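One-letter residues, chain by chain:
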Amino acid sequence: MSDTALPVSLDRDSLVPLAVQLADALRTAAGDGHLRGGDRLPSTRALAHRLGVSRTVTSAAYEQLHAEGWIAGRHGSGTYVTTTPPADRPSKGPVPGTPATPPTLVDLTPGVPWADGLEKAAWRRAWRAAADPRPTYREDRVGLPAYRDAVSEHLLRHRGLAAGTVLATGGTTAAVIELAGAVLSRGDRVAIEEPGYQRAVQAFRRAGLEVVAAEVDEEGLRPDAIPAGVRAVYCSPAHQYPLGSRMSASRRVELVELARAEGMLVIEDDYDGELRFDVAPLPLLAALAPDVVAHLGTTSKILTPALGAGWMVAPPQVAAAVLEYREATGTRPSPAGQRVLVELARHGDLGRHLRKLRRELSERRSLVSAALTSAGIPVLGDDAGAHLVVPCGSAQEEAARMAAAERAGIRLDGLARHFAGTPTVFGNLIGYAGCSREALQAALKPLLSVLGG
(Lines give C-alpha, C1' and ligand atoms only; values in the text may rest on other atoms or scores of the structure.)
Protein backbone atom coordinates (compact mmCIF):
# COMPACT_ATOMS: atom_id res chain seq x y z
CA MET A 1 0.00 0.00 0.00
CA SER A 2 1.38 3.45 -0.90
CA ASP A 3 1.64 6.25 1.60
CA THR A 4 -1.15 8.82 1.76
CA ALA A 5 -0.49 12.28 0.32
CA LEU A 6 -0.37 14.76 3.19
CA PRO A 7 -1.77 18.31 3.08
CA VAL A 8 1.10 19.75 5.12
CA SER A 9 3.02 23.01 4.85
CA LEU A 10 5.37 24.34 7.51
CA ASP A 11 6.17 27.98 8.27
CA ARG A 12 9.83 28.26 9.21
CA ASP A 13 9.41 31.90 10.22
CA SER A 14 6.76 31.04 12.80
CA LEU A 15 7.59 30.95 16.50
CA VAL A 16 5.53 27.76 16.73
CA PRO A 17 7.98 24.82 16.66
CA LEU A 18 7.96 22.80 13.45
CA ALA A 19 7.02 19.61 15.33
CA VAL A 20 3.97 21.35 16.81
CA GLN A 21 3.00 22.74 13.38
CA LEU A 22 3.29 19.28 11.83
CA ALA A 23 1.25 17.59 14.56
CA ASP A 24 -1.43 20.29 14.27
CA ALA A 25 -1.59 19.88 10.48
CA LEU A 26 -1.95 16.10 10.65
CA ARG A 27 -4.49 16.32 13.46
CA THR A 28 -6.54 18.79 11.44
CA ALA A 29 -6.29 16.59 8.34
CA ALA A 30 -7.56 13.61 10.33
CA GLY A 31 -10.39 15.69 11.75
CA ASP A 32 -11.63 17.24 8.50
CA GLY A 33 -11.54 14.05 6.44
CA HIS A 34 -8.39 14.60 4.37
CA LEU A 35 -6.97 11.65 6.29
CA ARG A 36 -9.22 8.70 7.08
CA GLY A 37 -9.00 5.71 9.35
CA GLY A 38 -6.62 3.16 7.85
CA ASP A 39 -4.62 5.64 5.74
CA ARG A 40 -0.91 4.85 5.96
CA LEU A 41 1.46 7.69 6.80
CA PRO A 42 5.01 8.02 5.50
CA SER A 43 7.83 6.90 7.80
CA THR A 44 9.35 9.63 9.95
CA ARG A 45 12.49 9.48 7.79
CA ALA A 46 10.59 9.75 4.50
CA LEU A 47 8.38 12.57 5.75
CA ALA A 48 11.40 14.46 7.09
CA HIS A 49 13.04 14.19 3.66
CA ARG A 50 9.84 15.28 1.91
CA LEU A 51 9.38 18.35 4.14
CA GLY A 52 13.07 19.24 4.35
CA VAL A 53 13.23 19.01 8.14
CA SER A 54 15.14 16.89 10.62
CA ARG A 55 13.82 13.49 11.61
CA THR A 56 13.59 14.82 15.17
CA VAL A 57 10.72 17.07 14.02
CA THR A 58 8.70 14.28 12.39
CA SER A 59 9.40 11.83 15.22
CA ALA A 60 8.22 14.35 17.84
CA ALA A 61 5.03 15.05 15.88
CA TYR A 62 4.25 11.33 15.42
CA GLU A 63 4.96 10.65 19.09
CA GLN A 64 2.48 13.35 20.14
CA LEU A 65 -0.22 12.07 17.78
CA HIS A 66 0.37 8.49 18.91
CA ALA A 67 -0.01 9.57 22.55
CA GLU A 68 -3.29 11.30 21.68
CA GLY A 69 -4.52 8.24 19.81
CA TRP A 70 -4.75 9.74 16.32
CA ILE A 71 -2.22 7.32 14.82
CA ALA A 72 -0.98 3.83 15.58
CA GLY A 73 1.93 1.69 14.44
CA ARG A 74 1.55 -1.80 13.02
CA HIS A 75 4.61 -3.97 13.43
CA GLY A 76 6.40 -4.42 10.12
CA SER A 77 3.75 -2.48 8.24
CA GLY A 78 4.02 1.21 9.11
CA THR A 79 2.09 3.97 10.81
CA TYR A 80 -1.65 4.40 10.18
CA VAL A 81 -4.39 6.84 11.01
CA THR A 82 -6.59 5.17 13.61
CA THR A 83 -10.08 4.05 12.61
CA THR A 84 -11.65 5.85 15.55
CA PRO A 85 -10.58 8.84 17.63
CA PRO A 86 -8.98 8.27 21.05
CA ALA A 87 -11.26 6.72 23.64
CA ASP A 88 -10.68 9.60 25.99
CA ARG A 89 -11.53 12.27 23.41
CA PRO A 90 -14.75 12.73 21.49
CA SER A 91 -14.73 12.19 17.75
CA LYS A 92 -14.02 15.15 15.52
CA GLY A 93 -16.67 13.91 13.12
CA PRO A 94 -20.15 15.43 13.37
CA VAL A 95 -22.67 13.77 15.66
CA PRO A 96 -25.99 13.04 13.96
CA GLY A 97 -28.47 15.80 14.68
CA THR A 98 -25.79 18.29 15.82
CA PRO A 99 -23.75 20.93 14.00
CA ALA A 100 -20.40 19.80 12.58
CA THR A 101 -17.31 20.46 14.69
CA PRO A 102 -15.66 23.75 13.75
CA PRO A 103 -12.56 23.15 11.60
CA THR A 104 -10.30 25.07 14.01
CA LEU A 105 -10.37 24.14 17.68
CA VAL A 106 -9.02 26.14 20.59
CA ASP A 107 -6.72 23.62 22.23
CA LEU A 108 -7.05 23.87 26.01
CA THR A 109 -5.42 20.52 26.76
CA PRO A 110 -2.46 20.60 29.18
CA GLY A 111 1.17 19.95 28.35
CA VAL A 112 1.47 22.46 25.48
CA PRO A 113 4.01 25.26 26.10
CA TRP A 114 3.58 28.95 25.31
CA ALA A 115 5.68 28.79 22.15
CA ASP A 116 4.44 32.16 20.86
CA GLY A 117 6.31 33.82 23.71
CA LEU A 118 9.72 32.85 22.38
CA GLU A 119 11.42 35.93 20.98
CA LYS A 120 12.07 35.23 17.32
CA ALA A 121 15.44 37.01 17.17
CA ALA A 122 16.75 35.22 20.26
CA TRP A 123 15.51 31.85 18.99
CA ARG A 124 17.21 32.30 15.62
CA ARG A 125 20.42 33.57 17.21
CA ALA A 126 20.58 30.55 19.50
CA TRP A 127 20.11 28.08 16.65
CA ARG A 128 22.72 29.83 14.48
CA ALA A 129 25.22 29.77 17.32
CA ALA A 130 24.38 26.14 18.07
CA ALA A 131 25.25 25.24 14.46
CA ASP A 132 28.67 26.95 14.56
CA PRO A 133 30.75 24.17 16.20
CA ARG A 134 32.22 21.67 13.79
CA PRO A 135 30.69 18.18 13.89
CA THR A 136 32.38 15.86 16.33
CA TYR A 137 32.70 12.10 16.19
CA ARG A 138 33.31 11.82 19.90
CA GLU A 139 30.22 10.79 21.80
CA ASP A 140 29.43 12.72 24.94
CA ARG A 141 27.32 10.51 27.15
CA VAL A 142 27.29 12.90 30.12
CA GLY A 143 26.23 15.99 28.20
CA LEU A 144 28.07 19.04 26.93
CA PRO A 145 30.03 20.72 29.75
CA ALA A 146 28.59 24.13 28.89
CA TYR A 147 25.06 22.68 29.00
CA ARG A 148 25.59 21.09 32.39
CA ASP A 149 26.99 24.38 33.68
CA ALA A 150 23.96 26.26 32.32
CA VAL A 151 21.58 23.77 33.92
CA SER A 152 23.41 24.02 37.26
CA GLU A 153 23.03 27.80 37.22
CA HIS A 154 19.39 27.51 36.17
CA LEU A 155 18.60 25.09 38.99
CA LEU A 156 20.32 27.26 41.58
CA ARG A 157 18.66 30.48 40.41
CA HIS A 158 15.15 29.22 39.65
CA ARG A 159 14.75 26.11 41.81
CA GLY A 160 17.13 26.73 44.71
CA LEU A 161 19.06 23.52 44.07
CA ALA A 162 22.83 23.47 44.38
CA ALA A 163 23.22 20.57 41.98
CA GLY A 164 26.01 18.04 42.21
CA THR A 165 26.45 15.87 39.12
CA VAL A 166 24.20 16.98 36.26
CA LEU A 167 23.53 14.60 33.38
CA ALA A 168 21.97 15.78 30.15
CA THR A 169 18.90 13.80 29.08
CA GLY A 170 16.53 13.69 26.15
CA GLY A 171 13.67 14.86 28.40
CA THR A 172 11.66 13.46 31.28
CA THR A 173 10.35 10.32 29.59
CA ALA A 174 13.77 9.50 28.17
CA ALA A 175 15.25 9.85 31.65
CA VAL A 176 12.59 7.56 33.14
CA ILE A 177 13.37 4.94 30.50
CA GLU A 178 17.06 5.16 31.38
CA LEU A 179 16.42 4.83 35.11
CA ALA A 180 14.15 1.85 34.50
CA GLY A 181 16.85 0.11 32.48
CA ALA A 182 19.92 1.19 34.43
CA VAL A 183 18.91 1.16 38.09
CA LEU A 184 15.93 -1.18 38.31
CA SER A 185 15.53 -4.82 37.32
CA ARG A 186 12.72 -6.72 35.62
CA GLY A 187 10.07 -7.65 38.17
CA ASP A 188 10.89 -4.78 40.54
CA ARG A 189 7.91 -2.88 41.92
CA VAL A 190 7.64 0.86 41.26
CA ALA A 191 5.06 3.10 42.94
CA ILE A 192 3.59 5.92 40.87
CA GLU A 193 1.03 8.58 41.68
CA GLU A 194 -2.59 7.67 40.92
CA PRO A 195 -3.71 9.50 38.86
CA GLY A 196 -0.35 10.23 37.30
CA TYR A 197 1.83 10.61 34.23
CA GLN A 198 0.93 7.70 31.96
CA ARG A 199 4.03 7.90 29.80
CA ALA A 200 6.06 7.10 32.89
CA VAL A 201 3.71 4.23 33.66
CA GLN A 202 4.21 2.80 30.18
CA ALA A 203 7.99 3.30 30.33
CA PHE A 204 8.18 1.30 33.56
CA ARG A 205 5.88 -1.44 32.30
CA ARG A 206 7.73 -1.83 29.03
CA ALA A 207 10.92 -2.29 31.04
CA GLY A 208 9.31 -5.27 32.77
CA LEU A 209 8.60 -3.49 36.05
CA GLU A 210 5.45 -3.88 38.13
CA VAL A 211 3.66 -0.54 38.54
CA VAL A 212 1.67 -0.10 41.75
CA ALA A 213 -0.54 2.87 42.59
CA ALA A 214 0.06 5.41 45.35
CA GLU A 215 -2.86 7.71 46.17
CA VAL A 216 -2.63 11.49 46.00
CA ASP A 217 -4.79 14.12 47.69
CA GLU A 218 -4.76 17.88 48.21
CA GLU A 219 -1.30 17.65 49.79
CA GLY A 220 0.17 15.56 46.99
CA LEU A 221 1.47 12.02 47.16
CA ARG A 222 0.62 10.18 50.39
CA PRO A 223 3.76 8.40 51.63
CA ASP A 224 1.59 6.13 53.79
CA ALA A 225 -0.14 4.94 50.60
CA ILE A 226 3.08 3.63 49.05
CA PRO A 227 2.87 -0.18 49.05
CA ALA A 228 5.55 -2.16 50.82
CA GLY A 229 8.42 -3.65 48.88
CA VAL A 230 8.81 -1.05 46.14
CA ARG A 231 12.25 -0.25 44.74
CA ALA A 232 11.36 3.24 43.54
CA VAL A 233 8.60 5.83 43.71
CA TYR A 234 7.84 8.33 40.96
CA CYS A 235 6.20 11.64 41.89
CA SER A 236 5.70 15.25 40.77
CA PRO A 237 5.80 17.19 44.06
CA ALA A 238 5.96 20.78 42.75
CA HIS A 239 2.71 20.51 40.77
CA GLN A 240 1.24 17.02 40.78
CA TYR A 241 0.27 15.85 37.33
CA PRO A 242 -2.60 15.92 36.60
CA LEU A 243 -4.43 17.09 39.78
CA GLY A 244 -2.15 20.08 40.38
CA SER A 245 -1.63 19.70 44.14
CA ARG A 246 1.67 20.66 45.78
CA MET A 247 3.29 18.18 48.13
CA SER A 248 3.36 19.67 51.61
CA ALA A 249 6.61 20.16 53.49
CA SER A 250 5.71 17.51 56.05
CA ARG A 251 4.91 15.00 53.30
CA ARG A 252 8.28 15.71 51.65
CA VAL A 253 10.14 15.00 54.86
CA GLU A 254 8.07 11.86 55.43
CA LEU A 255 8.76 10.62 51.92
CA VAL A 256 12.53 11.01 52.04
CA GLU A 257 12.69 9.43 55.50
CA LEU A 258 10.70 6.47 54.18
CA ALA A 259 13.00 6.23 51.15
CA ARG A 260 16.07 6.08 53.35
CA ALA A 261 14.53 3.53 55.69
CA GLU A 262 13.30 1.26 52.86
CA GLY A 263 16.15 1.74 50.41
CA MET A 264 13.86 3.29 47.76
CA LEU A 265 14.89 5.61 44.97
CA VAL A 266 12.63 8.67 44.71
CA ILE A 267 12.23 9.92 41.14
CA GLU A 268 11.26 13.60 41.31
CA ASP A 269 9.65 14.86 38.11
CA ASP A 270 9.90 18.66 38.18
CA TYR A 271 8.25 19.04 34.77
CA ASP A 272 6.99 22.62 35.29
CA GLY A 273 8.55 23.62 38.60
CA GLU A 274 9.66 26.99 37.20
CA LEU A 275 6.01 27.97 36.63
CA ARG A 276 4.99 29.27 40.03
CA PHE A 277 2.96 32.40 40.62
CA ASP A 278 1.66 33.60 43.99
CA VAL A 279 3.11 30.68 45.96
CA ALA A 280 6.59 30.35 47.38
CA PRO A 281 8.56 27.35 46.12
CA LEU A 282 8.96 24.50 48.55
CA PRO A 283 12.39 22.82 48.75
CA LEU A 284 13.02 20.27 46.04
CA LEU A 285 13.18 16.69 47.22
CA ALA A 286 16.68 16.55 45.71
CA ALA A 287 17.73 19.41 48.00
CA LEU A 288 16.29 17.62 51.04
CA ALA A 289 17.76 14.22 50.25
CA PRO A 290 20.32 14.16 47.43
CA ASP A 291 21.33 10.65 48.54
CA VAL A 292 17.99 9.03 47.61
CA VAL A 293 16.42 11.37 45.02
CA ALA A 294 16.88 11.45 41.24
CA HIS A 295 15.68 14.89 40.12
CA LEU A 296 14.38 15.21 36.54
CA GLY A 297 13.85 18.47 34.67
CA THR A 298 12.98 19.43 31.11
CA THR A 299 12.80 22.33 28.68
CA SER A 300 9.48 21.05 27.28
CA LYS A 301 7.22 23.34 29.32
CA ILE A 302 9.42 26.45 29.51
CA LEU A 303 10.58 26.42 25.86
CA THR A 304 9.46 23.60 23.56
CA PRO A 305 9.54 19.78 23.53
CA ALA A 306 11.12 20.00 20.06
CA LEU A 307 14.49 20.72 21.73
CA GLY A 308 14.55 17.24 23.26
CA ALA A 309 16.66 18.56 26.13
CA GLY A 310 16.37 17.76 29.82
CA TRP A 311 18.52 16.96 32.82
CA MET A 312 18.99 14.58 35.70
CA VAL A 313 20.57 15.25 39.08
CA ALA A 314 21.07 11.95 40.87
CA PRO A 315 23.10 10.24 43.58
CA PRO A 316 26.57 9.22 42.34
CA GLN A 317 25.75 5.52 42.14
CA VAL A 318 22.59 6.23 40.12
CA ALA A 319 24.42 8.60 37.76
CA ALA A 320 27.16 6.00 37.26
CA ALA A 321 24.58 3.31 36.46
CA VAL A 322 22.91 5.57 33.88
CA LEU A 323 26.24 6.30 32.18
CA GLU A 324 27.04 2.59 32.11
CA TYR A 325 23.61 1.96 30.56
CA ARG A 326 24.32 4.57 27.88
CA GLU A 327 27.68 3.00 27.15
CA ALA A 328 26.15 -0.48 26.86
CA THR A 329 23.23 0.62 24.68
CA GLY A 330 25.02 3.26 22.60
CA THR A 331 22.48 5.92 23.55
CA ARG A 332 23.17 9.52 24.40
CA PRO A 333 21.20 12.79 24.52
CA SER A 334 21.38 14.86 21.34
CA PRO A 335 23.76 17.84 21.62
CA ALA A 336 21.70 20.12 19.34
CA GLY A 337 19.07 21.07 21.90
CA GLN A 338 21.76 21.38 24.56
CA ARG A 339 23.64 23.95 22.48
CA VAL A 340 20.47 25.98 21.93
CA LEU A 341 19.81 26.17 25.68
CA VAL A 342 23.43 27.17 26.30
CA GLU A 343 23.12 30.05 23.86
CA LEU A 344 19.81 31.21 25.29
CA ALA A 345 21.33 31.20 28.77
CA ARG A 346 24.59 32.84 27.64
CA HIS A 347 22.84 35.93 26.31
CA GLY A 348 20.32 36.19 29.15
CA ASP A 349 17.46 35.25 26.83
CA LEU A 350 16.44 32.26 28.95
CA GLY A 351 16.03 34.35 32.11
CA ARG A 352 14.09 37.05 30.24
CA HIS A 353 11.84 34.43 28.67
CA LEU A 354 11.13 32.80 32.05
CA ARG A 355 10.15 36.15 33.58
CA LYS A 356 7.91 36.88 30.60
CA LEU A 357 6.49 33.35 30.73
CA ARG A 358 5.60 33.55 34.42
CA ARG A 359 3.94 36.94 33.97
CA GLU A 360 1.92 35.79 30.94
CA LEU A 361 0.80 32.50 32.46
CA SER A 362 -0.03 34.15 35.77
CA GLU A 363 -2.34 36.55 33.96
CA ARG A 364 -3.89 33.73 31.94
CA ARG A 365 -4.37 31.64 35.08
CA SER A 366 -6.11 34.55 36.79
CA LEU A 367 -8.28 35.14 33.73
CA VAL A 368 -9.49 31.54 33.56
CA SER A 369 -9.74 30.95 37.30
CA ALA A 370 -11.64 34.17 37.96
CA ALA A 371 -14.12 33.43 35.16
CA LEU A 372 -14.78 29.94 36.48
CA THR A 373 -15.08 30.81 40.16
CA SER A 374 -17.30 33.83 39.47
CA ALA A 375 -19.64 31.43 37.66
CA GLY A 376 -19.68 29.14 40.69
CA ILE A 377 -17.49 26.50 39.03
CA PRO A 378 -14.89 24.97 41.40
CA VAL A 379 -11.24 24.73 40.36
CA LEU A 380 -8.27 22.74 41.66
CA GLY A 381 -4.52 22.94 41.15
CA ASP A 382 -4.28 26.55 39.99
CA ASP A 383 -1.47 27.61 42.35
CA ALA A 384 1.24 26.88 39.80
CA GLY A 385 1.92 25.33 36.41
CA ALA A 386 -0.04 25.87 33.21
CA HIS A 387 -3.27 23.99 33.78
CA LEU A 388 -6.08 23.64 36.31
CA VAL A 389 -8.76 21.06 37.00
CA VAL A 390 -12.54 21.42 37.11
CA PRO A 391 -13.84 18.40 39.06
CA CYS A 392 -17.06 16.53 38.29
CA GLY A 393 -18.91 13.52 39.65
CA SER A 394 -18.66 10.78 37.02
CA ALA A 395 -16.93 9.49 33.92
CA GLN A 396 -20.10 10.15 31.94
CA GLU A 397 -20.18 13.80 32.96
CA GLU A 398 -16.49 14.17 32.17
CA ALA A 399 -16.94 12.71 28.68
CA ALA A 400 -20.10 14.72 28.05
CA ARG A 401 -18.26 17.93 28.89
CA MET A 402 -15.49 17.10 26.42
CA ALA A 403 -18.00 16.29 23.69
CA ALA A 404 -19.93 19.51 24.29
CA ALA A 405 -16.71 21.53 24.38
CA GLU A 406 -15.55 20.07 21.08
CA ARG A 407 -18.86 20.95 19.44
CA ALA A 408 -18.29 24.49 20.72
CA GLY A 409 -14.82 24.58 19.18
CA ILE A 410 -12.78 23.79 22.32
CA ARG A 411 -10.60 20.78 23.03
CA LEU A 412 -10.42 19.66 26.69
CA ASP A 413 -8.79 16.76 28.47
CA GLY A 414 -10.27 14.45 31.11
CA LEU A 415 -8.88 12.98 34.31
CA ALA A 416 -9.98 9.41 33.60
CA ARG A 417 -7.23 8.66 31.10
CA HIS A 418 -4.56 9.59 33.65
CA PHE A 419 -5.28 6.55 35.80
CA ALA A 420 -3.22 3.39 35.43
CA GLY A 421 -6.03 1.48 37.13
CA THR A 422 -9.75 2.13 37.55
CA PRO A 423 -10.51 5.88 37.65
CA THR A 424 -11.87 7.10 40.98
CA VAL A 425 -11.79 10.87 40.46
CA PHE A 426 -13.25 12.70 37.49
CA GLY A 427 -12.96 16.14 36.01
CA ASN A 428 -11.60 18.15 33.12
CA LEU A 429 -8.15 19.63 32.69
CA ILE A 430 -7.87 23.11 31.24
CA GLY A 431 -4.50 24.15 29.88
CA TYR A 432 -4.03 27.84 29.18
CA ALA A 433 -0.58 28.03 27.58
CA GLY A 434 -1.02 26.48 24.15
CA CYS A 435 -3.20 29.05 22.40
CA SER A 436 -3.15 32.81 21.93
CA ARG A 437 -4.48 35.14 24.62
CA GLU A 438 -7.21 36.22 22.21
CA ALA A 439 -8.30 32.66 21.54
CA LEU A 440 -8.33 31.92 25.26
CA GLN A 441 -10.54 34.92 26.00
CA ALA A 442 -12.89 34.03 23.15
CA ALA A 443 -13.19 30.47 24.48
CA LEU A 444 -14.22 31.50 27.99
CA LYS A 445 -17.91 32.13 27.33
CA PRO A 446 -18.62 28.77 25.63
CA LEU A 447 -16.34 27.08 28.17
CA LEU A 448 -18.42 28.42 31.06
CA SER A 449 -21.57 27.22 29.33
CA VAL A 450 -20.12 23.72 28.95
CA LEU A 451 -18.74 23.42 32.47
CA GLY A 452 -21.55 25.16 34.22
CA GLY A 453 -24.36 23.44 32.38
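Given the structure is predicted, the values throughout are model-derived calculations rather than measurements.

(A) View of the sheet that holds strand β11 (residues 293-298). Spatially, β5-β12-β11-β10-β9-β6-β7-β8 is the arrangement adopted by the eight strands of the open sheet, whose pairing is mixed. Both edges of this open sheet fall to β5 (166-169) and β8 (220-221), since each of them pairs with a single strand only. Sheet analysis places strand β6 (residues 189-194) next to strand β9 (residues 232-235), joined by three bridges and oriented parallel. By the bridge assignment for β9, isoleucine 192 is matched with tyrosine 234. In the packing of helix α5 (residues 145-159) onto the sheet, contacts are made with β5, β11 and β12 (310-313), and the angle to β12 comes to roughly 75°.

(B) Region of the structure containing the packing of aromatic side chains. Taken as a whole, this structure holds four aromatic pairs when the rule is applied. Each residue in the set Tyr197, Tyr241 and Tyr271 is aromatic and connected to the rest through ring pairs, giving one cluster.

(C) Broad picture of empty space enclosed by the protein. One pass over the structure, following the stated rule, counts two cavities of 30 Å³ or more. Put simply, the second largest cavity is a space of about 40 Å³. Every residue along the wall of the second largest cavity is listed here: Leu26, Arg27, Ala30, Leu35, Leu41, Leu65, Trp70, Ile71 and Val81. Here the lining of the second largest cavity gets three residues from one element, more than from any other, and that element is helix α1 (residues 18-32). Each residue belonging to the lining of the second largest cavity can be placed in one class, and the counts come to eight nonpolar, no polar and one charged.

(D) Local environment of the pairing of β5. Burial along β5 is two-sided: Val166 and Ala168 facing one way and Leu167 and Thr169 facing the other are all buried. Sheet analysis places β5 next to β12, joined by four bridges and oriented antiparallel. By the bridge assignment, leucine 167 is partnered in β12 with methionine 312.

(E) Structural view of the packing of helix α12 (residues 349-374) against helix α14 (residues 437-452). One can describe the packing of α12 onto α14 by two numbers: an axis separation of 10 Å at closest approach and a directional angle of 25°. Compared by their axis directions, α12 and α14 come out roughly parallel. Every pair of crossing elements has a handedness; the one defined by α12 and α14 is right-handed. Here Glu360, Glu363, Arg364, Leu367, Val368, Ala371 and Leu372 of α12 come into contact with α14, specifically with Arg437, Leu440, Gln441, Leu444, Leu448 and Leu451.

Rules and cut-offs
Residues numbered from 1 in each chain as written. Predicted model: local features only at pLDDT ≥ 70, side-chain atom pairs only at ≥ 80, totals over all residues. Heavy atoms only, no water. Pairing = 2+ DSSP bridges. Helix = DSSP H or I, 4+ residues; strand = E, 2+ residues; numbered from the N terminus. Contact = heavy atoms within 4.5 Å. Axes fitted to C-alpha atoms, helices over the stretch in contact; angles between N-to-C directions. Phe/Tyr/Trp six-rings, centres within 6.5 Å; stacked < 30°, edge-to-face > 60°. 1 Å grid on protein atoms, 1.4 Å probe; cavity = no way out; pocket = protein on both sides within 12 Å on 5 of 7 lines; lining within 4 Å. Points joined across faces, edges and corners; volume = space filled by probe spheres on them. Nonpolar A, V, L, I, M, F, W, Y, C, P; charged D, E, K, R; others polar. Buried < 20%, exposed > 50% of the residue type's maximum accessible area, 1.4 Å probe, protein only. Parallel < 35°, antiparallel > 145°, perpendicular 65-115°, else oblique. Left-handed = near helix turned anticlockwise from the far one by under 90°.

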